Amino acid sequence: MVRPIDIARKLKITTSALRHYETWGIVPPSERKENGYRVYTEEHVAYFECIRALNTGFGMGFVKEIMPLVQEKKLTEVLWLVNEKQAELHKEKEKTEKVIEVLELENPEKVPLKKQKNSYTIGEVATALELPTTVLRHWEKEELIEPKRNEENGYRSYTKQDISKLLIIRTLRKAYFSIEIIREMVKEFDNNNIFKAKKVAKDSLIYMDYLVEEQLKGLFYLYKLFEQVRH
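First, a word on what this report is: a plain description of the structure on this page. (Residues numbered from 1 in each chain as written. Predicted model: local features only at pLDDT ≥ 70, side-chain atom pairs only at ≥ 80, totals over all residues. Heavy atoms only, no water.)

**What to know about the overall build of the chain**
To keep things clear, this is the line we draw: Helical segments are the DSSP runs of H or I of at least four residues, strand segments are the runs of E of at least two, and each set is numbered from the N terminus. Buried, partly exposed and exposed residues are distinguished by accessible area as a fraction of the type maximum, computed with a 1.4 Å probe on protein chains only: under 20%, between the cut-offs, and over 50%, respectively. Contact criterion: two residues are considered in contact whenever any of their non-hydrogen atoms come within 4.5 Å of each other. Method for areas: the Shrake-Rupley scheme with a 1.4 Å probe, in which residue coverage is limited to the protein chains shown. The charged-residue count follows a simple rule in which Lys and Arg add positive charge and Asp and Glu add negative charge, with His and chain termini not counted at all. In plain terms, the charge of a residue is placed at NZ if it is Lys, CZ if Arg, CG if Asp and CD if Glu.
Within the chain, the regular secondary structure consists of 10 helices and 4 strands. Ordered by position in the sequence, the α and β elements of the chain form the string α-α-β-β-α-α-α-α-α-β-β-α-α-α. Expressed as lengths along the three principal axes of its C-alpha atoms, the size of the chain is roughly 80 × 30 × 30 Å. Within the chain, the fraction of its 231 residues that count as buried is 41%. Considering only contacts within the chain whose residues lie at least 6 apart along the sequence, 62% involve residues at least 24 apart. When the accessible surface of the chain is split by element, carbon and sulfur atoms take 50% of a total near 14,100 Å². In the chain, which carries 40 positive and 37 negative side-chain charges, the distance between the mean positions of the two groups comes to 2 Å.

Right, here's the structure in full:
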C-alpha cells in the first residue's frame, strides 16, 4: 500500500490532483482506511506515473480517452489510438514543412496546386489545403484573410498570394497561436515580411520534435502500466 502524499511528492504534484484523476475515472477506485484516507496500490502508482508522462506529449484530453480502456484491459485498442495520435503529429509536421518550403520559394505566389491559374474558388482552396469551407469563412470573419469577390456572381475569388497566407494561418492555428497573434503575423506577411512567419513555422517544427520525444517517454510508462494491468 502506498500513501497519496508519497506519490504526490514523487510526481511533484498535489494530492488533490490525484483525487481529481480518480474522480475523472482515469485510475481505478482506491480503497479507504477506517479514517477515510485513500490507500493506493503499486498498480495505482503505475497509473499515476503513466498519466503524468503521457500528458505532455499527448494532452490530458487523450489521456482521459484511453485510461478507461486500459482499466477494461482493451490494450490493443489503446495502442491503435496512440498510433493514430502519432500519425496526426507526423502529418502536421509534413504540413509545416510544406509551409516552410512555400515561404522559401523565390516567389511566394508559387504555391503548389493541381491547376495553375489566376484565381480559385473557395471549394478549390478548401480541397488544396484540406480544410472545411466553414473554417475559411471563419478566418475571413476574423479578418485574417479577405478574398476578393467575383463581380458577376459575388463568389469569393482567392489568389495565389491568398493561398500562401492561408497556409501560414493554418500552421499557426495548429501550433495553438491565438487569433490575435495570427492577425499580427498576417499583417507582417501582407507587408512582404515573411521572415517572421518562416521563423514561427520553424519554431513549430522544433516544438513537434519536442512533442515526439515526450510521446516516446509517455509510451515507456504506458508499457509499464500494461505490465501491471496484465498481472
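Here the narrative resumes.
**Remarks on the environment of Tyr-21**
Positionally, Tyr-21 belongs in helix α2 (residues 15-23). With a relative accessible area of 4%, Tyr-21 lands in the buried category. A C-alpha to C-alpha distance of 8.2 Å links Tyr-21 and Phe-48, two positions 27 residues apart in sequence. Setting aside its immediate chain neighbours within four residues, Tyr-21 contacts Ile-13, Ile-26, Val-27, Phe-48, Ile-51, Arg-52 and Met-60.

**What to know about the nonpolar core**
Considering soluble globular proteins, one finds that nonpolar side chains tend to be buried as a cluster. Keep this limit in mind: By nonpolar core is meant a set of buried Ala, Val, Leu, Ile, Met, Phe, Trp, Tyr and Cys residues that side-chain atoms within 4.5 Å join together.
Of all hydrophobic cores here, the largest spans 34 residues; its most connected members are Met-67 and Val-70. Listed by contribution, the elements that provide at least two residues to this core are α1 (4-11), α2, α3 (42-58), α4 (60-71), α5 (75-103) and α10 (195-230). Take this core: its biggest share by element is 8 residues, from α3. Core analysis: the next-biggest nonpolar cluster, separate from the first, contains 31 residues, Ala-126, Ile-163, Leu-166 and Leu-172 among them.

**Comments concerning helix α7 (residues 133-141)**
Rule in force here: Each direction from the helix axis to a C-beta atom contributes to the arc, which is the arc of those directions.
Taken together, the buried positions of α7 are Leu-136, Trp-139 and Glu-140. What you see down the axis of α7 is that its buried residues fit within an arc of 105 degrees, all on one side. Along α7, the residues that are exposed and aim more than 90 degrees away from the buried face are Thr-134 and Lys-141. Buried residues along α7 sit in contact with α6 (122-129), β3 (148-149), β4 (156-157) and α8 (160-174). Just downstream of α7, Glu-143 is the residue with a positive phi angle, here 65 degrees.

**Observations regarding the packing of aromatic side chains**
Stated formally: Only Phe, Tyr and Trp rings are paired, with Trp represented by its six-membered ring, and only when their centres lie within 6.5 Å; those with planes under 30 degrees apart are stacked, over 60 edge-to-face, the remainder tilted. Placement of a charge over a ring requires the Lys NZ or Arg CZ to be within 6 Å of the ring centre, with the centre-to-atom vector within 35 degrees of the ring normal.
The full count for this structure, using the stated rule, is 6 aromatic pairs. Consider the rings of Tyr-21 and Phe-48, whose centres lie 6.2 Å apart with planes at 35 degrees: the pair is tilted. One end of the pair, Tyr-21, is in helix α2; the other, Phe-48, is in helix α3, and 27 residues separate them in sequence. For the pair Tyr-21 and Phe-48, one class covers both residues: buried. Note on Tyr-40 and Phe-48: the rings are 5.0 Å apart at their centroids and 85 degrees apart in plane angle, and the pair reads as edge-to-face. The class for Tyr-40 is buried, based on a relative accessible area of 1%. One aromatic cluster in this structure is built from Tyr-21, Trp-24, Tyr-40 and Phe-48. Geometry around Trp-24 places Lys-64 over its ring, the cationic atom sitting 4.0 Å from the centre.

**Examining the side chain of His-44**
Heads up, the rule is: Under this definition, polar contacts are N or O atom pairs within 3.5 Å; protein pairs additionally need one hydrogen-donor-capable and one acceptor-capable atom, and for neighbouring residues in sequence, both atoms have to be side-chain atoms.
Inspection of the secondary structure puts His-44 in helix α3. Polar side-chain contacts of His-44 include one of 3.0 Å to the backbone oxygen of Pro-28. Those residues within four positions of His-44 in sequence are excluded, and the remaining contacts are Pro-28, Pro-29 and Ser-30.

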